[in-house]
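A closer look at the structure
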There are 2 protein chains.
Amino acid sequence: MIQLDKISAAPPADLKKKDIREETQRLIKRLGELQRVMYAEKKHSVLVVLQGMDGSGKDGAVVNVFEDCAPMGLQVVGFKKPTEEEFAHDFLWRIHKHAPQRGMINIFVRSHYEDILIQRVHKWISEERVEKRMQSINALEELLAYDNHTQVCKFFLHISKEQQQIELQQRIDDPTKYWKHNSGDWRERELWPEYMRCYEDALNRSSIPWTIVPVDERWYRDYIIAKTLVEHLEKLDMKYPPLEK
Amino acid sequence: MIQLDKISAAPPADLKKKDIREETQRLIKRLGELQRVMYAEKKHSVLVVLQGMDGSGKDGAVVNVFEDCAPMGLQVVGFKKPTEEEFAHDFLWRIHKHAPQRGMINIFVRSHYEDILIQRVHKWISEERVEKRMQSINALEELLAYDNHTQVCKFFLHISKEQQQIELQQRIDDPTKYWKHNSGDWRERELWPEYMRCYEDALNRSSIPWTIVPVDERWYRDYIIAKTLVEHLEKLDMKYPPLEK
């Protein structure tokens with residue numbers, strides 16, 4: 001049972017930042033190697049889901065962790081407010097469309113989980129529908145896993161409320177970050193306890209487990225995500241295909 | 001519990017063909033009216049699934065029953081052998097993509113059920129995977145129903161083995177039907193008992209029920225499908241939207 005307020009958003013105190021950074025560089029390289037084999041073999045695929053409050057560093061994680069991956073085997077999909085066409089379908093329609101093809105790593109920056117987070121916090125949907133959607137989410141993720149060899153790797157980027165303030169403030173102070181500023185983020189921040197409650201529930205009811213990533217220090221975020229992905233991919237026993245004669 | 005060998009593929013003996021044909025014409029007109037309101041209101045949608053052995057008249061049903069529907073509110077999707085891209089995804093990927101947008105009737109000629117029929121009969125997939133796929137199918141159909149107001153109307157076109165022979169033979173004898181001839185159909189016919197067993201299992205394990213349509217007489221096929229669809233749509237209490245000011 002995950003309780004977010006019992007989990008620190010800071011890295012363990014005994015870690016040396018310099019050592020971890022070196023190890024992270026090694027992991028990022030290794031991830032690139034593994035991804036190239038996966039792309040060539042076209043047997044497995046990976047779905048990376050990044051969820052977290054505003055300012056938790058989802059975009060930064062994408063930029064850093066996949067640095068050494070070959071771009072043609074990578075697809076980043078950011079889910080924002082649904083388009084009119086998307087909205088005229090069930091909530092998983094636009095998600096399923098972007099499920100990774102064998103050989104690919106698809107990265108979701110936000111995802112189907114928004115439909116039981118922001119929508120639940122604001123009470124735009126009933127609790128009964130939340131319940132059903134949670135079951136549908138589990139069913140879809142299981143389908144990808146058993147029917148298409150998809151590794152579903154979900155990361156909750158766990159930021160402290162204090163650190164979020166610093167991050168959001170930077171978007172007002174730093175001209176290169178103005179474009180990220182959105183006054184709506186400050187309003188959502190007011191609903192922090194409700195978001196934590198809904199996140200906790202989603203994390204605990206997922207049939208495919210999440211990795212909780214403490215992100216107050218960005219070097220630790222990159223380390224945990226890279227390490228987790230490498231561990232998943234190492235297990236697959238992938239090989240470059242033999243020469244076809 | 002459906003047992004296909006207990007169900008006749010012929011119409012009830014006491015029906016008068018002429019009366020039924022007149023009634024069918026009325027139903028086809030009514031379906032067109034209802035579809036136009038649905039298209040305007042954009043609140044509900046319909047997924048029609050047509051399954052049945054070769055020669056059971058799936059295409060003919062599409063041509064006749066939806067005659068009076070407005071084409072822009074209709075989408076017919078025929079599922080054949082998966083493309084390379086489709087095959088590199090889970091079996092429901094290409095299906096979910098074509099789920100109807102609100103306001104639409106989408107008609108599947110063959111469907112996701114092929115993935116637990118032809119694939120099961122030929123033992124291309126394990127019984128364990130059949131089991132999981134059946135669950136995934138139920139989960140997807142339920143999702144469409146609760147999250148997008150989709151009426152899922154599934155029709156099993158029930159033909160007798162004798163009538164199938166007549167239908168397949170016509171494809172060899174009638175020059176306007178040569179294009180439908182496929183020697184593979186005769187080979188699949190040899191597997192009739194296995195197909196019936198797999199169909200029965202799929203029909204009995206579906207959480208959204210099927211309509212069994214006796215199709216040895218085509219006028220009765222059209223009648224049952226039109227009647228069932230009209231009954232579904234009448235229940236929705238649809239209205240043309242008021243003038244937006």
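Here the focus is the relation of the copies chain A and chain B. With an RMSD of 0.0 Å, the fit of chain A onto chain B corresponds to turning through 180° and sliding 0.0 Å along the axis. What the rotation and shift describe, once combined, is the action of a two-fold rotation axis. Looking at the interface residues of chain A, 100% of them are also at the interface in chain B, so both copies use one shared face.

The next thing to look at is the interface of chain A and chain B. Facing 24 residues of chain A, the contacting portion of chain B comprises 24 residues. Summed over both partners, the interface of chain A with chain B buries about 2,300 Å², with 49% contributed by carbon and sulfur atoms. For the pair chain A and chain B, the interface holds four salt bridges. Between B:Arg133 and A:Asp147 there is a salt bridge, with the nearest N and O atoms lying 3.1 Å from each other. Applying the counting criterion to the chain A and chain B interface returns 31 residue pairs in polar contact (both at pLDDT 80 or more). Within the residue set of the side of chain A that touches chain B, elements represented by two or more residues are α3 (84-87), α4 (93-97) and α6 (127-148) of chain A. By residue number, the principal contributor to the side of chain A that touches chain B is α6(A), which donates ten residues. Looking at side-chain class alone, the side of chain A that touches chain B contains eleven nonpolar, five polar and eight charged residues.

The next thing to look at is the state of the cysteines. Counting across every chain of the model gives zero disulfides over all chains. Summary of cysteine pairing: A:Cys153 is not part of a disulfide, and the nearest cysteine sulfur, belonging to A:Cys69, is at 12 Å.

Residues and elements named next belong to chain A. If you walk across this open sheet you meet the five strands as β2-β3-β1-β4-β5, and the pairing is parallel. The outermost strands of the open sheet, each flanked by one partner alone, are β2 (74-78) and β5 (210-214). Taken pair by pair, the neighbouring strands of this sheet meet at an average axis angle of 20°, ignoring direction. Taken together, the eight bridges between strand β1 (residues 45-52) and strand β4 (residues 150-158) define a ladder with parallel strand orientation. Following the sheet pairing, Leu50 is matched in β4 by Phe155. Against the sheet, helix α9 (residues 192-205) contacts β1, β4 and β5, and its axis sits at roughly 140° relative to β5. Taken strand by strand, helix α10 (residues 218-234) contacts β1, β4 and β5, and its axis lies near 165° from that of β4.

All names here are of chain A. Taken as a whole, the second largest pocket holds about 1,300 Å³ of empty space. Taken together, 40 residues form the lining of the second largest pocket, with Asp54, Phe79, Lys80, Arg110 and Asp185 sitting closest to its centre. Looking at the lining of the second largest pocket residue by residue, the classes come out as ten nonpolar, 14 polar and 16 charged.

For the coordinates displayed, the defined rule picks out three cavities of 30 Å³ or more. Considered as a void within the structure, the largest cavity measures approximately 100 Å³ in volume. Along the walls of the largest cavity sit A:Leu92, A:His96, A:Ser136, A:Ala139, A:Leu140, A:Leu143, B:Leu92, B:His96, B:Ser136, B:Ala139, B:Leu140 and B:Leu143, which together make up its complete lining. Counting residues per element, the ones that place at least two in the lining of the largest cavity are α6 of chain A together with α6 (127-148) of chain B. Residue composition of the lining of the largest cavity, grouped by class: eight nonpolar, four polar and no charged.

Rules of the game
- Residues numbered from 1 in each chain as written.
- Chains lettered and ligands numbered in written order.
- Predicted model: local features only at pLDDT ≥ 70, side-chain atom pairs only at ≥ 80, totals over all residues.
- Heavy atoms only, no water.
- Least-squares fit on C-alpha atoms with pLDDT ≥ 70 in both.
- Contact = heavy atoms within 4.5 Å.
- Buried area = accessible area lost by both parts, 1.4 Å probe.
- Salt bridge = Lys/Arg side-chain N within 4 Å of Asp/Glu carboxyl O.
- Polar contact = N/O pair within 3.5 Å; in protein donor to acceptor, adjacent residues only side chain to side chain.
- Helix = DSSP H or I, 4+ residues; strand = E, 2+ residues; numbered from the N terminus.
- Nonpolar A, V, L, I, M, F, W, Y, C, P; charged D, E, K, R; others polar.
- Disulfide = S-S within 2.5 Å.
- Pairing = 2+ DSSP bridges.
- Axes fitted to C-alpha atoms, helices over the stretch in contact; angles between N-to-C directions.
- 1 Å grid on protein atoms, 1.4 Å probe; cavity = no way out; pocket = protein on both sides within 12 Å on 5 of 7 lines; lining within 4 Å.
- Points joined across faces, edges and corners; volume = space filled by probe spheres on them.

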